[in-house]
Amino acid sequence: AVVSTQSTGESAPLKSVDKNTTRTDGRKWNELRPLFLKVGIITKAQGSAYIEMGNTKLIAAVYGPKEILRREEFSLKGKVNCEFKFMPFSRAHYCEPRQNFEEKMISKCICDAMEGVILLEKFPKALVDISVQVIQDDGSALALALTAASVALINANIEVKDLVVGTTLRYFENSDVLVDPTAEEEHGPFSKFTGGAGFHLAVLPSLSQISYLKQTGKIEQSQARDCIETCWETCLRLATGIKNLLQESIDSDAPR
Amino acid sequence: STRVIAGIKGKFAEPTINNPNSGFLIPNVILPMTCNTKYKPGFPSDKGIAMSNKLETLLTDATDLMELCLIPGKVAWVLYLDVVCINDDGNVMDAAVLALSAALNNTWLPATKIIEETGRVVLDPDGGKKRLELNFIPISVTLSVFDDKTLPDPTEDEEDIEDGTITCCLDNENNIRALWSSAIITDDVISAALVYVKKRASVLLSVLKKVSKPS
């Protein structure tokens, strides 16, 4: 099952942005790349999701809930373990097979975000393993990883409070804003794309809550609030599409 | 439903002292936690290392390593051949070899030029691309052994209860490039297996040729 969202922007709180700028791939400043999503493609996993946003492709697998082998780790709440990895050929430079610092940090981010949404009390003494592998990184990998992990959890029939939808936003010193940046726009080597700030936001759409927020760089407070609102609105746009898709796959009883 | 992805990344490196005119081919099979719950998080898994080793022996003469050398003794191409399994339902070896062969067959090395002043090698954006020349295309066929019967292309359940494995690698001219057997078997079993292997290898080779791009 496929979801394609190519919606253009609606009212934007960032009035200083030149809404007519076109990006290298022809998008407007707040236009998302087309999304492709497929669940259940890893037959060995309890739940899995393959997600593509433009040229960023990644796959998330969920194993669990399963027994924690070490007895001293007894706890009344379940545990979540997450492993995030860029495949060696996914980025412009070669990624070592061993997890580096950045990947460990992103693993922890996904873990924290998922711990917030999973109903851990439902499976005490058990462990949920989430594994996210990035096949190709063309920007916005962290946000997509959060989305994919949450869709995989739902596909695994693990009870969660809500879907998690993530978005990235890039803010530049000349007040240019780009939603869903490509790799070039996110950390491009050209002076046009450096400086400013980056936002990664993950939202629980039905509960209207923020699941994960990360900001890097330098930005004024008022602009920061506007950026977060734009991210939020983008996440909600994505969420409707993803929910329809999940509903379809459950209705059609898609083979796992 | 076993699925693997193969990718090839090139980097520059200094050749070894023993082989100053050679580039490097470094195969690596990654079996992450994603593909099966029997693999623990945190690389590497023993099975992956064993497979990488097998691939290394298989690809020893696959391409002319001298061609990969840019400045003898100083700079050469090192090609990281990575195969990542995303779903392990048995027989990852065949899938890995096929994916890697297809990737190698479609590898285009960018042109390079040497900067006179510093003697460094950089990519030449106007130089076009050169196809990686392969001496042969390896194809692997694996069979599970149960007593004296063989079962081709085992699934994970079959691998769990098998007595052993026969893996045979042919090339595109039907020469045997590698043969591994981990079962106690007789001559006849191997001969019969080789007959099947030849048939299967030609099927796999035709699939590979279909996906190869001419330019």
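Residues numbered from 1 in each chain as written. Chains lettered and ligands numbered in written order. Predicted model: local features only at pLDDT ≥ 70, side-chain atom pairs only at ≥ 80, totals over all residues. Heavy atoms only, no water.

Asks: Please set out the overall build of chain A residue by residue, giving values where relevant.
Replies: Per the secondary structure count, chain A includes 4 helices and 9 strands. Counted from the first residue to the last, chain A has its helices and strands arranged as β-β-β-β-α-β-α-β-β-α-β-β-α. Taken over 256 residues, chain A has a buried fraction of 55%. Of the contacts made within chain A by residues no fewer than 6 positions apart, 67% connect residues no fewer than 24 positions apart. Within the structure as shown, chain A displays about 11600 Å² of accessible surface, and the carbon and sulfur contribution to it stands at 51%. (Helix = DSSP H or I, 4+ residues; strand = E, 2+ residues; numbered from the N terminus. Buried < 20%, exposed > 50% of the residue type's maximum accessible area, 1.4 Å probe, protein only. Contact = heavy atoms within 4.5 Å. Areas by Shrake-Rupley, 256 points an atom, 1.4 Å probe, with all protein chains shown as cover.)

Asks: Now, about the interface of chain B and chain A: what can you tell me, with residues and values included?
Replies: If you look at the interface, chain B gives 26 residues, while chain A gives 25 residues. A buried area of about 2200 Å², summed over both sides, lies between chain B and chain A, and 63% of it is on carbon and sulfur atoms. Along the contact surface separating chain B from chain A lie 2 salt bridges. When the shortest N-O distance is used, the salt bridge between Asp89 of chain B and Lys44 of chain A registers 3.2 Å. Connecting chain B to chain A are 10 residue pairs in polar contact (both at pLDDT 80 or more). Elements with a minimum of two residues in the side of chain B that touches chain A: β1 (3–13), β2 (24–30) and β4 (75–87) of chain B. (Buried area = accessible area lost by both parts, 1.4 Å probe. Salt bridge = Lys/Arg side-chain N within 4 Å of Asp/Glu carboxyl O. Polar contact = N/O pair within 3.5 Å; in protein donor to acceptor, adjacent residues only side chain to side chain.)

Asks: Quick rundown of the packing of helix α2 (residues 92–105) of chain B against helix α4 (residues 187–211) of chain B? Include the residues and the values.
Replies: All names here are of chain B. At their nearest, the axes of α2 and α4 sit 10 Å apart, and the two run at 35° to each other. Between α2 and α4 the crossing geometry is right-handed. Listed contacts from α4 to Leu98, Ser101, Ala102 and Asn105 of α2 are Leu204, Leu208 and Val211. Across the contact of α2 with α4, the residue classes tally to 5 nonpolar, 2 polar and no charged. (Axes fitted to C-alpha atoms, helices over the stretch in contact; angles between N-to-C directions. Left-handed = near helix turned anticlockwise from the far one by under 90°. Nonpolar A, V, L, I, M, F, W, Y, C, P; charged D, E, K, R; others polar.)

Asks: Tell me about the pairing of strand β6 (residues 165–171) of chain A, and name the residues and values.
Replies: Working note: regular strand, side chains alternate between the two faces of the sheet. Residue and element names in this part refer to chain A. Burial within β6 is extensive, with 7 of its 7 residues counted as buried. Going residue by residue along β6, you find Val165, Thr167, Leu169 and Tyr171 tucked away on one face and Gly166, Thr168 and Arg170 tucked away on the opposite face as well. With 7 bridges connecting them, β6 and strand β8 (residues 197–204) associate as antiparallel partners. Residue Arg170 lies in a different strand from β8, and its bridge partner there is Gly198. With antiparallel pairing between neighbouring strands as the criterion, β6 and strand β7 (residues 177–179) make up a hairpin whose turn holds 5 residues, including Ser175 at a positive phi of roughly 70°. (Pairing = 2+ DSSP bridges.)

Asks: Outline the sheet that holds β7 of chain A, listing residues and values.
Replies: Residues and elements named next belong to chain A. Sheet architecture is open: 4 strands sit in the order β7-β6-β8-β9, paired in antiparallel fashion. For this open sheet the edge positions go to β7 and β9 (209–217), each flanked by a neighbour on one side alone. Direction aside, neighbouring strands of the sheet carry axes that sit 15° apart on average. Sheet topology note: the β8/β9 ladder contains 8 bridges and is antiparallel. Of the residues in β9, the one forming a bridge with Ala197 is Gly217. Here helix α2 (residues 141–155) sits on the sheet and contacts β6, β8 and β9; the angle it forms with β6, its principal contact strand, is near 170°. Helix α4 (residues 221–251) rests against β6, β7, β8 and β9 of the sheet, and its axis sits at about 140° to β6.

Asks: Can you tell me about unusual backbone geometry, naming the residues and giving the values?
Replies: Residue and element names in this part refer to chain A. In this structure, the amide linkage connecting Gly64 to the following residue, Pro65, adopts the cis form with an omega of -5°. Inspection of the secondary structure puts Pro65 in strand β3 (residues 56–67). Although it is not a glycine, Ser140 adopts a positive phi angle of roughly 65°. Note on placement: Ser140 falls in the loop between β5 (126–136) and α2. On the accessibility criterion, Ser140 (4% relative accessible area) is buried. The phi angle at Asp180 is positive, at roughly 55°, despite the residue not being glycine. Among the structural elements, Asp180 can be located in the loop between β7 and α3 (183–187).

Asks: Provide a residue-level description of the packing of helix α1 (residues 46–58) of chain B against α2 of chain B, including the pertinent values.
Replies: Residue and element names in this part refer to chain B. Contact geometry for α1 and α2: axes closest at 11 Å, N-to-C directions at 45°. By the angle between their directions, the pair α1 and α2 is classed as oblique. Crossing geometry of α1 relative to α2 is assigned as right-handed. Seen from α1, the contacting residues are Met51, Lys54, Leu55 and Leu58; seen from α2, they are Val92, Met93, Val97 and Leu100. Residues that form the contact of α1 with α2 fall into these classes: 7 nonpolar, no polar and 1 charged. (Parallel < 35°, antiparallel > 145°, perpendicular 65-115°, else oblique.)

Asks: Break down the pattern of salt bridges for me, with residues and values.
Replies: Using the criterion set out here, one finds 17 salt bridges over all chains in the structure. Between Arg237 of chain A and Glu233 of chain A there is a salt bridge, and its shortest N-O distance comes to 3.5 Å. With a gap of 4 residues between them, Arg237 of chain A and Glu233 of chain A both fall in helix α4, about one helical turn apart. Judged by relative accessible area, Arg237 of chain A falls into the buried class, the value being 10%. A salt bridge links Asp171 of chain B to Arg177 of chain B, with the nearest nitrogen and oxygen atoms 3.1 Å apart. A relative accessible area of 35% means that Arg177 of chain B is categorised as partly exposed. A single network of salt bridges, built from pairs that share partners, joins Asp25, Arg27, Arg33, Asp138 and Asp180 of chain A.

The quantities given are spatial measurements derived from coordinates; they are silent on function.
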